[in-house]
Amino acid sequence: MIIEDNEVEKSDDAGVPASGASVRRRLSRKWLAAALVPLLAAGGVLATRGGDSASADKPGSPVSSAELESKYGTRIDLVALTALGGLVQLRFTVLDKTKAETLFQVAENMPMLIAEPSGKVLHAPTGMRHHLTLMDGGSYFVLYANAGNALADGTPVSVQIDNVKLEHLIVAS
């Protein structure tokens, strides 16, 4: 529905004239609801990918940030809550695509997040598992459903890619 400026009055369901602001508020709520329903439905589907520590297929070998950069050509830039805490965003930069290919050569090697206090694991959405086109200096991000509120602001988290794990990162908000 389009509201034009020349529409002065509409009436609500009870036949009482409604102001333009009131009509716009109701329309805003409808648009918000229409936008949130698919997002929440997708979040519900993605939430099934979150699990406990038993869902981590293989343990990772801990590395430092410096090792991840020098040996694997990858830097983790950010692990942060977004969408009112319903999603977790992981941002990383590929510094050297040749070195990074050892981590990302298999499509299933998308990064997973492990909440250190609870051991809960957040996996990248299945639909996101595809081959990354790596570029030197390229910035990438992955969004995870924060299943069961596994991560909160200040939670220590590990990022595991294939069998490499960077530990003790702090979730930002």
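The rules behind the values
- Residues numbered from 1 in each chain as written.
- Predicted model: local features only at pLDDT ≥ 70, side-chain atom pairs only at ≥ 80, totals over all residues.
- Heavy atoms only, no water.
- pLDDT = per-residue confidence, 0-100.
- Helix = DSSP H or I, 4+ residues; strand = E, 2+ residues; numbered from the N terminus.
- Contact = heavy atoms within 4.5 Å.
- Pairing = 2+ DSSP bridges.
- Phe/Tyr/Trp six-rings, centres within 6.5 Å; stacked < 30°, edge-to-face > 60°.
- Buried < 20%, exposed > 50% of the residue type's maximum accessible area, 1.4 Å probe, protein only.
- Axes fitted to C-alpha atoms, helices over the stretch in contact; angles between N-to-C directions.
- Parallel < 35°, antiparallel > 145°, perpendicular 65-115°, else oblique.
- Nonpolar A, V, L, I, M, F, W, Y, C, P; charged D, E, K, R; others polar.
- Salt bridge = Lys/Arg side-chain N within 4 Å of Asp/Glu carboxyl O.

Colleague: Is there a simple way to think about the confidence of the model for the chain in this case?
Modeller: Averaged over all residues, the pLDDT of the chain equals 76, while 64% of them reach at least 70. Per-element mean pLDDT across the chain ranges from 47 in helix H1 (residues 20-47) up to 97 in strand S4 (residues 74-82). Scored below 50 in pLDDT, residues 1-11 makes 16 contacts in the model with residues more than four places away or belonging to other chains. Within the model, pLDDT remains below 50 along residues 31-57, and this stretch shows 24 contacts once partners closer than five positions in the same chain are excluded.

Colleague: Would you take a moment to explain the pairing of S4 for this structure?
Modeller: Sheet faces and side chains relate simply in a regular strand, where the side chains alternate between the two faces. Note that S4 and strand S5 (residues 87-94) share eight bridges and pair antiparallel. If you follow Leu 81 over to S5, its bridge partner there is Val 88. A loop of four residues connects S4 with S5, the two strands running antiparallel in sequence, and Ala 83 in this loop sits at a positive phi of about 55 degrees.

Colleague: Which parts of the structure should I look at to understand the packing of aromatic side chains?
Modeller: A ring pair, where both rings are aromatic, is described by two values, the distance of the centres and the angle of the planes. Summed over the entire model, instances satisfying the criterion amount to two aromatic pairs. Seen from their ring centres, Phe 92 and Phe 104 are 5.3 Å apart, and the 10 degrees between their planes marks the pair as stacked. Taken together, the positions of Phe 92 in strand S5 and Phe 104 in helix H3 (residues 97-104) put the pair twelve residues apart, joining distant regions of the chain. Ring centres of Phe 92 and Tyr 140 lie 5.5 Å apart, and the angle between their planes is 20 degrees; on these two criteria the pair is classed as stacked. You can see Phe 92 sitting in strand S5 and its partner Tyr 140 sitting in strand S8 (residues 138-145), a full 48 residues away along the chain. Judged by relative accessible area, which is 1%, Phe 92 ranks as buried. Among the aromatic residues, ring-to-ring pairing joins Phe 92, Phe 104 and Tyr 140 into one connected group.

Colleague: What is the right way to read the packing of helix H2 (residues 65-72) against H3 from this model?
Modeller: Working note: a packed helix pair is described by the angle between its axes plus the distance between those axes. The interhelical angle for the contact between H2 and H3, taken along N-to-C directions, is 105 degrees, at an axis separation of 7 Å. Considering the angle they form, H2 stands roughly perpendicular to H3. Here Leu 68, Ser 70, Lys 71 and Tyr 72 of H2 lie close against H3, whose contacting residues are Lys 99, Ala 100, Thr 102 and Leu 103. Split into classes, the residues belonging to the contact of H2 with H3 amount to four nonpolar, two polar and two charged.

Colleague: Mind showing me how you'd approach the pairing of strand S9 (residues 156-161) here?
Modeller: Where burial is concerned, most of S9 is hidden: five out of the six residues are buried. Pairing of strand S6 (residues 112-115) with S9, which is carried by four bridges, proceeds in the antiparallel orientation. Bridge pairing links Met 112 to Gln 160 in S9. Here S9 runs beside strand S10 (residues 164-170); their pairing, made up of five bridges, is antiparallel. Residue pairing for S10: Val 159 is matched across the bridge by Leu 166. Linking two consecutive strands that pair antiparallel, namely S9 and S10, is a turn of two residues; a positive phi of about 55 degrees is found at Asp 162 within it.

Colleague: What is the right way to look at the pattern of salt bridges in this model?
Modeller: Where charged atoms from two side chains of opposite charge come close, those side chains can pair. Applying the stated criterion across every chain yields a total of one salt bridge. A salt bridge links Asp 77 to Arg 75, with the shortest nitrogen-to-oxygen separation between them at 2.7 Å. On the accessibility criterion, Asp 77 (37% relative accessible area) is partly exposed.

Colleague: I'm lost on the sheet that holds S10 in this one. Help?
Modeller: What holds strands together in a sheet is hydrogen bonding between their backbones, with the strands either parallel or antiparallel. Strand order across the open sheet formed by five strands is S3-S10-S9-S6-S7, with mixed pairing between neighbours. Each end of this open sheet is capped by a strand with a single partner; those strands are strand S3 (61-63) and strand S7 (121-122). Both S6 and S7 contribute to a ladder of two bridges, which runs antiparallel. Residue pairing for S7: Leu 113 is matched across the bridge by Leu 122.

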